[in-house]
Amino acid sequence: GRLSRLYMGWRKELIKGLAHAEAVIDFGDDEVLDDDEDDGSMDADDGGMSIWGTIPPRMTSLRLSMERHLSDASRGELLRDGLRVAIVGRPNAGKSSLLNLLAGRDAPIVSS
């Protein structure tokens, strides 16, 4: 739903920033890197900072957006505190496989 779209947008911005940072590391400041939101900030007279383009303000905006979202008690609670889930069933019924599928990774399982 709405939260999924918000989180996917954050993920997309983070990936763009990471890709740009990796390109700067790989190619240095000798290359002009394409920025998909070029705002004309790629001037040669900017003290050598043009290689980063719009990435720093975009990352700052993203961080502020995340902080605002997490500071809202009702919306950030699940992200801050996590979920408690009970998956019950017979032995070898696929409970751990279901949990791993839902988590998208191998998740630790605690039984008591």
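For the structure given in this document, a descriptive report is provided here.

Rules behind the numbers
- Residues numbered from 1 in each chain as written.
- Predicted model: local features only at pLDDT ≥ 70, side-chain atom pairs only at ≥ 80, totals over all residues.
- Heavy atoms only, no water.
- Salt bridge = Lys/Arg side-chain N within 4 Å of Asp/Glu carboxyl O.
- Helix = DSSP H or I, 4+ residues; strand = E, 2+ residues; numbered from the N terminus.
- Buried < 20%, exposed > 50% of the residue type's maximum accessible area, 1.4 Å probe, protein only.
- Patch = residues over 30% accessible without salt bridge, like charges linked within 9 Å, V, L, I, M, F, W, Y side chains within 5 Å.
- Areas by Shrake-Rupley, 256 points an atom, 1.4 Å probe, with all protein chains shown as cover.
- Expected span 1.5 Å × (residues − 1).
- Contact = heavy atoms within 4.5 Å.
- Phe/Tyr/Trp six-rings, centres within 6.5 Å; stacked < 30°, edge-to-face > 60°.

## Observations regarding the pattern of salt bridges
Move 1: Counted by the stated rule, this structure contains 3 salt bridges.
Move 2: Measuring nitrogen to oxygen at the nearest pair gives 3.9 Å for the salt bridge that ties Glu13 to Lys16. In this pair, Glu13 and Lys16 both sit in helix H1 (residues 2-27), 3 residues apart, roughly one turn of the helix.
Move 3: The exposure class assigned to Glu13 is buried, which follows from its relative accessible area of 19%.
Move 4: In this structure, Glu67 and Arg63 form a salt bridge, with 3.1 Å as the shortest nitrogen-oxygen distance. Of this pair, Glu67 and Arg63 both sit in helix H2 (residues 55-71), 4 residues apart, which is roughly one turn of the helix.
Move 5: Classification of Arg63 as partly exposed rests on a relative accessible area of 42%.

## Describing a nonpolar patch on the surface
Move 1: Together, Leu98, Leu101 and Leu102 give the surface a local cluster of nonpolar side chains, amounting to about 340 Å² of exposed area.
Move 2: The topology assignment puts Leu101 in helix H4 (residues 95-103).

## Quick word on H1
Move 1: In this model H1 runs 38 Å from its N-terminal to its C-terminal C-alpha over 26 residues, within 8% of the 38 Å that 1.5 Å per residue would give.
Move 2: Within H1, the full set of buried residues consists of Trp10, Glu13, Gly17, His20, Ala21, Ala23 and Val24.
Move 3: Turning to H1, the residues buried within the fold contact H2.
Move 4: Positive phi shows up at Gly28, right after H1, with a value of about 70°.

## Here's the deal with the packing of aromatic side chains
Move 1: Counted under the stated rule, the structure contains 1 aromatic pair.
Move 2: Relative to Trp10, the ring of Tyr7 has its centre 5.4 Å away and its plane inclined at 45°; by these criteria the two rings are tilted. You can see Tyr7 and its partner Trp10 sitting in helix H1, 3 residues apart, about one turn around the helix.
Move 3: For Trp10, a relative accessible area of 11% gives the class buried.

## Remarks on unusual backbone geometry
Move 1: Notably, Asn92 is not glycine yet its phi reads approximately 60°, a positive angle.
Move 2: With respect to the helices, strands and loops of the structure, Asn92 is situated in the loop between helix H3 (73-81) and H4.

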